[in-house]
Amino acid sequence: MELLGYLRTQAHANRLANRRLHHAMRTLSRAEFQAPRVSFFPSLAKTLNHILAVDLYYLAALHGEADMERQWRDAPDCETVADLGFAQAAADQRFINHVGALSAAQLDDVVDMVRAEGRIQRELRGHVIAHLLNHQVHHRGQAHAMLAGTAIKPPPLDEFLMPSEAHFRKAELEVLGWTEASLFGHPPAAA
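Residues numbered from 1 in each chain as written. Predicted model: local features only at pLDDT ≥ 70, side-chain atom pairs only at ≥ 80, totals over all residues. Heavy atoms only, no water.

Draft legend 1. Quick peek at helix H5 (residues 81–101). Here H5 contains 21 residues, and its C-alpha end-to-end distance of 30 Å stays within 8% of the 30 Å for a straight helix at 1.5 Å per residue. Those residues of H5 lying buried are Val81, Leu84, Gly85, Ala87, Gln88, Ala91, Asp92, Phe95, Ile96, His98 and Val99. Residues of H5 that are buried sit in contact with helix H1 (3–24), helix H2 (30–34), helix H3 (44–62) and helix H6 (125–146). (Helix = DSSP H or I, 4+ residues; strand = E, 2+ residues; numbered from the N terminus. Expected span 1.5 Å × (residues − 1). Buried < 20%, exposed > 50% of the residue type's maximum accessible area, 1.4 Å probe, protein only. Contact = heavy atoms within 4.5 Å.)

Rendered as structure tokens:
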């Protein structure tokens, strides 16, 4: 398996996990979404809005947009699950499109990231992509755990993305307009 194919699959897995989480949370009221909970960020809303804001920053950096700090600072503060789901889906699709358009050699491009007080952090594109994926998993796991304090059963976020498990995700792929080839670059393995 080569790295770029893996990162493309992980960008899709990221979108699928976000969709599952947001879909499971769709019946939460605004008050439940914003209710104080125990975690690094003190609510589902704050945790998921943090994921979105950080995604917007890194996506701007990956695209070479000079206003990445402003995009992070001005990220929407979504007050409902529906608003958050819509905004996160757009960011996730931008991430999928970015990784999908890369060549393997571009993973070694240097990405400049504007940090506090104008400091420029320089990292390889592949490292930035890996970090963004890890950041999502980290905080999405926190939100997943917070659901245990609600009436909603936390959905599986780490299952069903092996090529031989196509039958577990068929309905979701139809909703997302994906194919097995878009996930793995080839037809699914026999179950």
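Draft legend 2. Broad picture of the pairing of strand S2 (residues 120–124). In the sheet, strand S1 (residues 110–114) pairs with S2 via five bridges, with the strands oriented antiparallel. Residue pairing across strands places Val114 opposite Ile120, the latter belonging to S2. Two successive antiparallel strands, S1 and S2, enclose a turn made up of five residues, where Glu117 displays a positive phi of approximately 60°. (Pairing = 2+ DSSP bridges.)

Draft legend 3. The packing of aromatic side chains, seen in detail. This structure, assessed with the given rule, holds two aromatic pairs. Plain terms: the ring middles of Phe40 and Phe41 are 4.9 Å apart, the flat faces sit at 80° to each other, and that makes the pair edge-to-face. (Phe/Tyr/Trp six-rings, centres within 6.5 Å; stacked < 30°, edge-to-face > 60°.)

Draft legend 4. Just the nonpolar core, in detail. Met25, Phe33, Leu44, Leu48, Phe95, Met113 and Ile129 are the most contacted members of the largest nonpolar core, which has 48 residues in total. Where this core is concerned, the elements lending two or more residues are H1, H3, H5, S1, H6 and helix H8 (180–184). Sorting elements by how many residues they give to this core places H3 first, with 12 residues. Those residues in contact with Phe33, other than ones at most four positions away along the chain, are Met25, Leu28, Ser43, Leu44, Ala45, Leu48, Cys78, Glu79, Thr80, Val81 and Leu84. (Core = buried A, V, L, I, M, F, W, Y, C linked by side-chain atoms within 4.5 Å.)

Draft legend 5. How the structure looks around the packing of H1 against H6. One can describe the packing of H1 onto H6 by two numbers: an axis separation of 11 Å at closest approach and a directional angle of 20°. Taken together, the axes of H1 and H6 are roughly parallel relative to one another. Note on packing geometry: the crossing formed by H1 with H6 is left-handed. Together, Leu7, Gln10, Ala11, Asn14, Ala17, Asn18 and Leu21 of H1 and Ile129, Leu133, Gln136, Arg140, Ala143 and His144 of H6 make up the contact between the two elements. (Axes fitted to C-alpha atoms, helices over the stretch in contact; angles between N-to-C directions. Parallel < 35°, antiparallel > 145°, perpendicular 65-115°, else oblique. Left-handed = near helix turned anticlockwise from the far one by under 90°.)

Draft legend 6. Region of interest: the environment of His63. For His63, the location among the structural elements is in the loop between H3 and helix H4 (68–73). What makes His63 partly exposed here is its relative accessible area of 35%. Counting along the chain gives 49 residues from His63 to Asp112, while the straight-line C-alpha distance between them is 10.0 Å. Those residues within four positions of His63 in sequence are excluded, and the remaining contacts are Arg94 and His98. A distance of 3.5 Å separates a polar atom in the side chain of His63 from a polar atom in the side chain of Arg94. (Polar contact = N/O pair within 3.5 Å; in protein donor to acceptor, adjacent residues only side chain to side chain.)

Draft legend 7. Summary view of the confidence of the model for the protein chain. Looking at the protein chain as a whole, the pLDDT averages 90, with 95% of positions reaching at least 70. Model confidence for the protein chain, summarised as mean pLDDT per element, is weakest for H8 at 80 and strongest for H3 at 97. Within the model, the stretch residues 187–191 combines pLDDT values under 50 with eight contacts to residues more than four positions away or in other chains. (pLDDT = per-residue confidence, 0-100.)

Draft legend 8. Summary view of the packing of H3 against H6. Contact pair H3 / H6: the axes reach a minimum separation of 9 Å and the direction vectors enclose 170°. Judged by the inter-axis angle, H3 sits roughly antiparallel to H6. Along the contact surface, H3 presents Leu44, Thr47, Leu48, His50, Ile51, Val54, Asp55, Tyr58, Leu59 and Leu62, while H6 presents Arg125, Val128, Ile129, His131, Leu132, His135, Gln136, His139, Arg140, Gln142, Ala143 and Met146. Partitioning the contact of H3 with H6 into residue classes produces 12 nonpolar, seven polar and three charged. (Nonpolar A, V, L, I, M, F, W, Y, C, P; charged D, E, K, R; others polar.)

Draft legend 9. Spotlight on the side chain of Asp92. Summarising the element assignment, Asp92 is placed in helix H5. Contact partners of Asp92, with chain neighbours within four places excluded, come to Asn14, Arg15, Asn18, Asp55 and Gln136.

Draft legend 10. Fine view of the side chain of Asn14. Looking at the element boundaries, Asn14 is found in helix H1. Within the local environment of Asn14, its side chain forms a polar contact with the side chain of Arg140, the two groups lying 3.0 Å apart. Ignoring sequence-local partners within four residues, the contact set of Asn14 consists of Asp92, Phe95, Leu133, Gln136 and Arg140.

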